[in-house]
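This is what each chain is made of:
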Amino acid sequence: IGDTVSDLVFYDLAKEKTQGLVMDFNHGQLFHHTRVVAAEDWLDTAASDIVIITAGVRQKPGESRRELLGRNKSVMEAIVPNMAKASPHAIVCVVSNPCDFMTQLVAQLSGFPEG
C-alpha cells in the first residue's frame, strides 16, 4: 500500500469479516500510512477511485459454471447498483467466478461506459 493509497475501505454483508480484515491491515501500520476502515454501508465507500469486487458464492462439488453463474448473478444484482451509485467514476476490478461472465455482468449492471 505504501504512500499510494490514502484510504482502504472494506465492505461486506458479514460485518465480522470486515472487522477482521481491518485489524489485520492495521497491524501492518508500521509499513503503511493508509487509513483502513470497515464500511457500514455503501455510502462509506462513496467516491472510491477503485472498487474490487470479490463477492460471490463458492462453487459446489459437481456444480456447472452455468449453475454458479446463476447463483452469483443474484449476488451481483444486489451489490453493483449500490456500488455504481456510490462511486460512479470508479475503476472496477471483478474477482468473482465465473470471472469472464461476472465481469460482463458487472459492466452491464453498473451502467459505466466501456473502457
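Structural notes, computed from the coordinates.

Definitions and limits used
- Residues numbered from 1 in each chain as written.
- Predicted model: local features only at pLDDT ≥ 70, side-chain atom pairs only at ≥ 80, totals over all residues.
- Heavy atoms only, no water.
- Core = buried A, V, L, I, M, F, W, Y, C linked by side-chain atoms within 4.5 Å.
- Buried < 20%, exposed > 50% of the residue type's maximum accessible area, 1.4 Å probe, protein only.
- Helix = DSSP H or I, 4+ residues; strand = E, 2+ residues; numbered from the N terminus.
- Contact = heavy atoms within 4.5 Å.
- Patch = residues over 30% accessible without salt bridge, like charges linked within 9 Å, V, L, I, M, F, W, Y side chains within 5 Å.
- Areas by Shrake-Rupley, 256 points an atom, 1.4 Å probe, with all protein chains shown as cover.
- Salt bridge = Lys/Arg side-chain N within 4 Å of Asp/Glu carboxyl O.
- Phe/Tyr/Trp six-rings, centres within 6.5 Å; stacked < 30°, edge-to-face > 60°.
- Polar contact = N/O pair within 3.5 Å; in protein donor to acceptor, adjacent residues only side chain to side chain.
- Pairing = 2+ DSSP bridges.
- Right-handed = clockwise from strand over helix to strand, strands pointing away.

## Some thoughts on the nonpolar core
Phase 1 of the analysis: By size, the foremost hydrophobic cluster in this structure holds 15 residues, and its most contacted members are Ile53, Met76, Ile79, Val80, Met83 and Val106.
Phase 2 of the analysis: Of all the secondary-structure elements, those providing two or more residues to this core are strand S3 (50-53), helix H2 (65-86) and helix H3 (99-110).
Phase 3 of the analysis: Ignoring any residue separated from it by four or fewer positions in sequence, one finds Val106 in contact with Ile53, Met76, Val80, Val92 and Val94.

## As for a nonpolar patch on the surface
Phase 1 of the analysis: A surface patch of nonpolar side chains, amounting to about 410 Å² of accessible area, comprises Ile50, Ile52, Ile91 and Val95.
Phase 2 of the analysis: As for its placement among the helices and strands, Ile52 is situated in strand S3.

## Some words on the packing of aromatic side chains
Phase 1 of the analysis: What the rule picks out here adds up to 2 aromatic pairs.
Phase 2 of the analysis: Between Phe10 and Phe25, the ring centres sit 5.3 Å apart and the planes meet at 45°, which makes this aromatic pair tilted. Residue Phe10 is located in strand S1 (residues 7-10), and its partner Phe25 is located in helix H1 (residues 15-27); the two are separated by 15 residues in the primary sequence.
Phase 3 of the analysis: Among the residues examined, Phe10 registers a relative accessible area of 18% and is labelled buried.
Phase 4 of the analysis: Ring geometry for Tyr11 against Trp42: centres 4.6 Å apart, planes inclined by 40°, an arrangement best described as tilted. Of this pair, Tyr11 sits in the loop between S1 and H1 while Trp42 sits in the loop between strand S2 (35-38) and S3, and the two are 31 residues apart along the sequence.
Phase 5 of the analysis: Judged by its relative accessible area of 25%, Tyr11 falls in the partly exposed class.

## Considerations on the side chain of Ser96
Phase 1 of the analysis: Counting through the fold element by element, Ser96 comes out in the loop between strand S4 (91-94) and H3.
Phase 2 of the analysis: Exposure remark for Ser96: the relative accessible area of 4% places this residue in the buried category.
Phase 3 of the analysis: There is a polar contact of 2.5 Å between the side chain of Ser96 and the backbone oxygen of Ala55.
Phase 4 of the analysis: If sequence neighbours within four positions are ignored, Ser96 has contacts with Ile53, Thr54, Ala55, Met76 and Met102.

## Regarding the pairing of S1
Phase 1 of the analysis: Note that S1 and S2 share 4 bridges and pair parallel. Residue pairing for S2: Val9 is matched across the bridge by Val37.
Phase 2 of the analysis: The parallel pair S1 and S2, bridged by H1, forms a crossover whose chirality is right-handed.

## Section: the environment of Asp41
Phase 1 of the analysis: If you trace the backbone, Asp41 turns up in the loop between S2 and S3.
Phase 2 of the analysis: The exposure class of Asp41 is partly exposed, given its relative accessible area of 36%.
Phase 3 of the analysis: Between the alpha carbons of Asp41 and Ala86 there is a distance of 10.0 Å; along the sequence they are 45 residues apart.
Phase 4 of the analysis: Separated by 2.8 Å, the side chain of Asp41 and the backbone nitrogen of Leu43 make a polar contact.

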